[in-house]
Amino acid sequence: MTSPPSTGRRARAMADKRRRITDAATALFARKGADGVTTQQIADEADVAIGTLFRYAATKAELVMMVQNEKFADAVDRGIRTASLAAPAASPAEVVMTLLSPVIGCVREHPSNGRIYLHELVFGDPAEEHRAEGLAQAWRWESAVAGVVRQKTGAAPDTAATAARVVTAIVHVTLTATLHLAASDDEVRDIIRRQVSVLLPGPTGCPRAAE
(Lines give C-alpha, C1' and ligand atoms only; values in the text may rest on other atoms or scores of the structure.)
Protein backbone atom coordinates (compact mmCIF):
# COMPACT_ATOMS: atom_id res chain seq x y z
CA MET A 1 0.00 0.00 0.00
CA THR A 2 1.40 3.38 -0.99
CA SER A 3 1.61 6.21 1.54
CA PRO A 4 -0.87 9.11 1.20
CA PRO A 5 0.62 12.09 -0.68
CA SER A 6 0.58 14.20 2.49
CA THR A 7 2.68 11.58 4.30
CA GLY A 8 5.22 11.56 1.49
CA ARG A 9 5.45 15.35 1.47
CA ARG A 10 5.89 15.43 5.23
CA ALA A 11 8.68 12.86 5.06
CA ARG A 12 10.44 14.84 2.31
CA ALA A 13 10.10 18.06 4.30
CA MET A 14 11.57 16.41 7.39
CA ALA A 15 14.47 14.97 5.38
CA ASP A 16 15.11 18.39 3.84
CA LYS A 17 15.19 20.09 7.24
CA ARG A 18 17.49 17.45 8.67
CA ARG A 19 19.86 17.88 5.73
CA ARG A 20 19.82 21.69 6.05
CA ILE A 21 20.56 21.44 9.77
CA THR A 22 23.34 18.91 9.19
CA ASP A 23 24.88 21.03 6.40
CA ALA A 24 24.68 24.20 8.51
CA ALA A 25 26.24 22.52 11.55
CA THR A 26 28.95 20.94 9.40
CA ALA A 27 29.91 24.29 7.86
CA LEU A 28 29.86 26.22 11.15
CA PHE A 29 31.72 23.54 13.11
CA ALA A 30 34.39 23.43 10.39
CA ARG A 31 34.84 27.22 10.45
CA LYS A 32 34.57 27.97 14.16
CA GLY A 33 34.74 24.64 16.00
CA ALA A 34 31.81 23.24 17.93
CA ASP A 35 32.82 25.18 21.04
CA GLY A 36 32.56 28.46 19.12
CA VAL A 37 29.07 27.91 17.69
CA THR A 38 25.63 28.26 19.29
CA THR A 39 22.54 26.27 18.42
CA GLN A 40 20.83 29.53 17.46
CA GLN A 41 23.55 30.24 14.90
CA ILE A 42 23.04 26.78 13.43
CA ALA A 43 19.27 27.29 13.28
CA ASP A 44 19.77 30.65 11.55
CA GLU A 45 22.23 29.17 9.06
CA ALA A 46 19.80 26.32 8.30
CA ASP A 47 16.86 28.76 8.07
CA VAL A 48 14.78 26.84 10.62
CA ALA A 49 13.25 27.82 13.94
CA ILE A 50 15.25 26.88 17.03
CA GLY A 51 12.37 24.65 18.15
CA THR A 52 12.57 22.80 14.84
CA LEU A 53 16.30 22.26 15.30
CA PHE A 54 15.71 20.77 18.75
CA ARG A 55 13.34 18.19 17.27
CA TYR A 56 16.29 16.77 15.34
CA ALA A 57 18.97 17.25 18.01
CA ALA A 58 18.15 18.36 21.55
CA THR A 59 21.65 19.64 22.36
CA LYS A 60 24.76 20.89 20.58
CA ALA A 61 26.51 17.67 21.57
CA GLU A 62 23.88 15.73 19.66
CA LEU A 63 24.46 17.99 16.66
CA VAL A 64 28.16 17.12 16.84
CA MET A 65 27.19 13.46 16.84
CA MET A 66 24.86 13.95 13.88
CA VAL A 67 27.55 15.68 11.85
CA GLN A 68 30.46 13.43 12.78
CA ASN A 69 28.56 10.14 12.41
CA GLU A 70 28.50 10.48 8.63
CA LYS A 71 32.21 11.23 8.48
CA PHE A 72 33.00 8.43 10.93
CA ALA A 73 30.99 5.87 8.95
CA ASP A 74 32.76 6.87 5.73
CA ALA A 75 36.16 6.60 7.43
CA VAL A 76 35.31 3.13 8.75
CA ASP A 77 34.27 2.06 5.24
CA ARG A 78 37.50 3.35 3.73
CA GLY A 79 39.60 1.64 6.39
CA ILE A 80 37.90 -1.70 5.85
CA ARG A 81 38.30 -1.45 2.07
CA THR A 82 41.97 -0.49 2.28
CA ALA A 83 42.79 -3.19 4.84
CA SER A 84 41.20 -5.81 2.59
CA LEU A 85 43.77 -4.92 -0.10
CA ALA A 86 46.81 -5.22 2.18
CA ALA A 87 49.68 -7.36 0.95
CA PRO A 88 49.62 -10.93 2.32
CA ALA A 89 53.08 -10.42 3.84
CA ALA A 90 52.01 -7.32 5.77
CA SER A 91 52.33 -7.66 9.53
CA PRO A 92 49.24 -7.66 11.79
CA ALA A 93 50.14 -4.20 13.08
CA GLU A 94 50.58 -2.84 9.54
CA VAL A 95 47.16 -4.08 8.43
CA VAL A 96 45.49 -2.82 11.59
CA MET A 97 47.07 0.62 11.08
CA THR A 98 45.74 0.63 7.52
CA LEU A 99 42.29 0.07 8.96
CA LEU A 100 42.75 2.72 11.66
CA SER A 101 44.29 5.44 9.53
CA PRO A 102 41.12 6.89 7.91
CA VAL A 103 39.41 7.12 11.31
CA ILE A 104 42.44 8.87 12.79
CA GLY A 105 42.33 11.31 9.88
CA CYS A 106 38.59 11.84 10.36
CA VAL A 107 38.98 12.73 14.03
CA ARG A 108 42.08 14.85 13.41
CA GLU A 109 40.42 16.84 10.61
CA HIS A 110 39.26 19.20 13.36
CA PRO A 111 40.87 17.95 16.61
CA SER A 112 38.55 19.88 18.94
CA ASN A 113 35.40 18.59 17.23
CA GLY A 114 36.87 15.11 17.10
CA ARG A 115 37.60 15.11 20.82
CA ILE A 116 34.02 16.21 21.58
CA TYR A 117 32.70 13.45 19.34
CA LEU A 118 34.76 10.71 20.97
CA HIS A 119 33.91 11.97 24.45
CA GLU A 120 30.19 12.01 23.69
CA LEU A 121 30.40 8.60 22.04
CA VAL A 122 31.81 7.07 25.22
CA PHE A 123 30.11 9.07 27.96
CA GLY A 124 26.80 10.13 26.43
CA ASP A 125 23.44 8.39 26.68
CA PRO A 126 23.76 5.27 24.47
CA ALA A 127 19.99 5.25 23.89
CA GLU A 128 20.05 8.70 22.26
CA GLU A 129 19.50 8.34 18.50
CA HIS A 130 22.70 9.92 17.22
CA ARG A 131 24.91 8.23 19.83
CA ALA A 132 23.30 4.88 19.04
CA GLU A 133 24.21 5.44 15.38
CA GLY A 134 27.78 6.35 16.32
CA LEU A 135 28.13 3.37 18.63
CA ALA A 136 26.94 1.06 15.85
CA GLN A 137 29.74 2.37 13.63
CA ALA A 138 32.26 2.07 16.47
CA TRP A 139 31.23 -1.56 16.98
CA ARG A 140 31.61 -2.23 13.23
CA TRP A 141 35.07 -0.67 13.33
CA GLU A 142 36.15 -2.66 16.37
CA SER A 143 34.78 -5.87 14.84
CA ALA A 144 36.81 -5.19 11.69
CA VAL A 145 39.95 -4.82 13.80
CA ALA A 146 39.16 -8.12 15.52
CA GLY A 147 38.71 -9.75 12.11
CA VAL A 148 42.15 -8.59 10.99
CA VAL A 149 43.72 -9.86 14.22
CA ARG A 150 42.09 -13.26 13.78
CA GLN A 151 43.07 -13.51 10.12
CA LYS A 152 46.67 -12.38 10.56
CA THR A 153 47.52 -14.08 13.86
CA GLY A 154 45.17 -17.04 14.19
CA ALA A 155 44.03 -15.74 17.57
CA ALA A 156 40.91 -17.23 19.13
CA PRO A 157 37.76 -15.08 18.73
CA ASP A 158 37.73 -13.95 22.36
CA THR A 159 41.42 -13.05 22.29
CA ALA A 160 41.03 -11.18 18.99
CA ALA A 161 38.04 -9.26 20.36
CA THR A 162 40.02 -8.28 23.46
CA ALA A 163 42.96 -7.14 21.32
CA ALA A 164 40.58 -5.08 19.18
CA ARG A 165 39.12 -3.44 22.29
CA VAL A 166 42.63 -2.50 23.43
CA VAL A 167 43.48 -1.13 19.98
CA THR A 168 40.40 1.09 19.88
CA ALA A 169 41.13 2.24 23.44
CA ILE A 170 44.65 3.21 22.34
CA VAL A 171 43.19 5.28 19.51
CA HIS A 172 40.61 6.90 21.76
CA VAL A 173 43.07 7.89 24.49
CA THR A 174 45.69 9.15 22.03
CA LEU A 175 43.20 11.25 20.07
CA THR A 176 41.55 12.80 23.12
CA ALA A 177 44.65 13.39 25.27
CA THR A 178 45.53 17.07 25.67
CA LEU A 179 49.17 15.99 25.60
CA HIS A 180 48.94 15.25 21.86
CA LEU A 181 46.87 18.24 20.71
CA ALA A 182 49.89 20.03 19.26
CA ALA A 183 51.23 16.89 17.54
CA SER A 184 51.01 16.56 13.77
CA ASP A 185 48.84 13.90 12.14
CA ASP A 186 51.96 11.88 11.29
CA GLU A 187 53.20 12.12 14.87
CA VAL A 188 49.84 10.97 16.23
CA ARG A 189 49.79 8.02 13.83
CA ASP A 190 53.32 7.10 14.89
CA ILE A 191 52.32 7.20 18.59
CA ILE A 192 49.42 4.85 17.86
CA ARG A 193 51.53 2.64 15.58
CA ARG A 194 54.17 2.08 18.25
CA GLN A 195 51.56 0.98 20.77
CA VAL A 196 49.77 -1.29 18.30
CA SER A 197 53.11 -2.84 17.32
CA VAL A 198 53.75 -3.78 20.95
CA LEU A 199 50.32 -5.39 21.17
CA LEU A 200 50.69 -7.18 17.82
CA PRO A 201 54.44 -7.77 17.41
CA GLY A 202 56.11 -9.21 14.32
CA PRO A 203 54.73 -10.52 11.04
CA THR A 204 53.07 -13.49 12.75
CA GLY A 205 52.74 -12.10 16.25
CA CYS A 206 49.69 -13.25 18.18
CA PRO A 207 48.08 -11.36 21.05
CA ARG A 208 48.95 -13.04 24.29
CA ALA A 209 45.98 -14.87 25.77
CA ALA A 210 44.94 -14.01 29.29
CA GLU A 211 46.61 -16.27 31.81
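Now for a description of the structure that goes with this document. (Residues numbered from 1 in each chain as written. Predicted model: local features only at pLDDT ≥ 70, side-chain atom pairs only at ≥ 80, totals over all residues. Heavy atoms only, no water.)

On a plain count of helices and strands, the protein chain comes out with nine helices and zero strands. Going from N to C terminus, the protein chain has its helices and strands arranged as α-α-α-α-α-α-α-α-α. Its C-alpha atoms put the protein chain at 60 × 50 × 30 Å along the principal axes. The 211 residues of the protein chain split such that 45% are buried. Restricting to contacts in the protein chain with at least 6 residues of sequence separation, those with at least 24 account for 70%. By element, 57% of the accessible surface of the protein chain is carried by carbon and sulfur atoms, the whole surface being about 11,100 Å². Between the mean site of the 25 positive side-chain charges and the mean site of the 24 negative ones, the protein chain shows a separation of 3 Å. (Helix = DSSP H or I, 4+ residues; strand = E, 2+ residues; numbered from the N terminus. Buried < 20%, exposed > 50% of the residue type's maximum accessible area, 1.4 Å probe, protein only. Contact = heavy atoms within 4.5 Å. Areas by Shrake-Rupley, 256 points an atom, 1.4 Å probe, with all protein chains shown as cover. Lys, Arg positive; Asp, Glu negative; His and termini not counted. Charge placed at Lys NZ, Arg CZ, Asp CG, Glu CD.)

Ranked by internal contacts, the top residues of the largest apolar core, which has 58 residues, are Phe29, Ile42, Val96, Leu100, Ile192 and Val196. Of the residues forming this core, the biggest block, ten residues, is contributed by helix 5 (residues 92–108). The residues contacting valine 96, other than those within four sequence positions of it, are Val145, Val148, Val149, Val167, Val196 and Leu200. (Core = buried A, V, L, I, M, F, W, Y, C linked by side-chain atoms within 4.5 Å.)

Leftover empty space is mapped by rolling, across the atoms, a probe with the size of a water molecule. Its boundaries defined by the atoms lining it, the largest pocket holds a volume of some 380 Å³. Lining the largest pocket are 17 residues, with Leu121, Val122, Ala138, Glu142 and Thr168 sitting closest to its centre. Put simply, the parts of the chain that give the lining of the largest pocket at least two residues each are helix 6 (111–123), helix 7 (129–153) and helix 8 (157–176). The element contributing the most residues to the lining of the largest pocket is helix 8, with seven residues. (1 Å grid on protein atoms, 1.4 Å probe; cavity = no way out; pocket = protein on both sides within 12 Å on 5 of 7 lines; lining within 4 Å. Points joined across faces, edges and corners; volume = space filled by probe spheres on them.)

Another aspect to go through is the packing of aromatic side chains. In the structure shown here, the tally under the stated rule is two aromatic pairs. On the basis of an interplanar angle of 70 degrees and a centroid distance of 5.7 Å, the ring pair of phenylalanine 72 and tyrosine 117 is categorised as edge-to-face. Of the two residues, phenylalanine 72 sits in helix 4 (residues 60–84) while tyrosine 117 sits in helix 6, which places them 45 residues apart along the sequence. What makes phenylalanine 72 buried here is its relative accessible area of 3%. Aromatic side chains phenylalanine 72 and tryptophan 141 sit 6.0 Å apart centroid to centroid with 80 degrees between the ring planes, which places their arrangement in the edge-to-face category. A residue pair is termed long-range when its members are at least 10 positions apart, and phenylalanine 72 in helix 4 and tryptophan 141 in helix 7 qualify at 69 residues. Tryptophan 141 sits in the buried class, given a relative accessible area of 6%. By the ring-pair criterion, three or more aromatic residues cluster together here, those being Phe72, Tyr117 and Trp141. (Phe/Tyr/Trp six-rings, centres within 6.5 Å; stacked < 30°, edge-to-face > 60°.)

To continue, consider the packing of helix 5 against helix 9 (residues 185–199). At their nearest, the axes of helix 5 and helix 9 sit 10 Å apart, and the two run at 145 degrees to each other. For the pair helix 5 and helix 9, the crossing hand works out as right-handed. Here Ala93, Val96, Met97, Leu100, Ser101, Ile104, Gly105 and Arg108 of helix 5 come into contact with helix 9, specifically with Asp185, Val188, Arg189, Ile192, Arg193, Val196 and Ser197. Along the lines of polarity and charge, the residues of the contact of helix 5 with helix 9 split into eight nonpolar, three polar and four charged. (Axes fitted to C-alpha atoms, helices over the stretch in contact; angles between N-to-C directions. Left-handed = near helix turned anticlockwise from the far one by under 90°. Nonpolar A, V, L, I, M, F, W, Y, C, P; charged D, E, K, R; others polar.)

That's the geometry; what it means functionally is another story.
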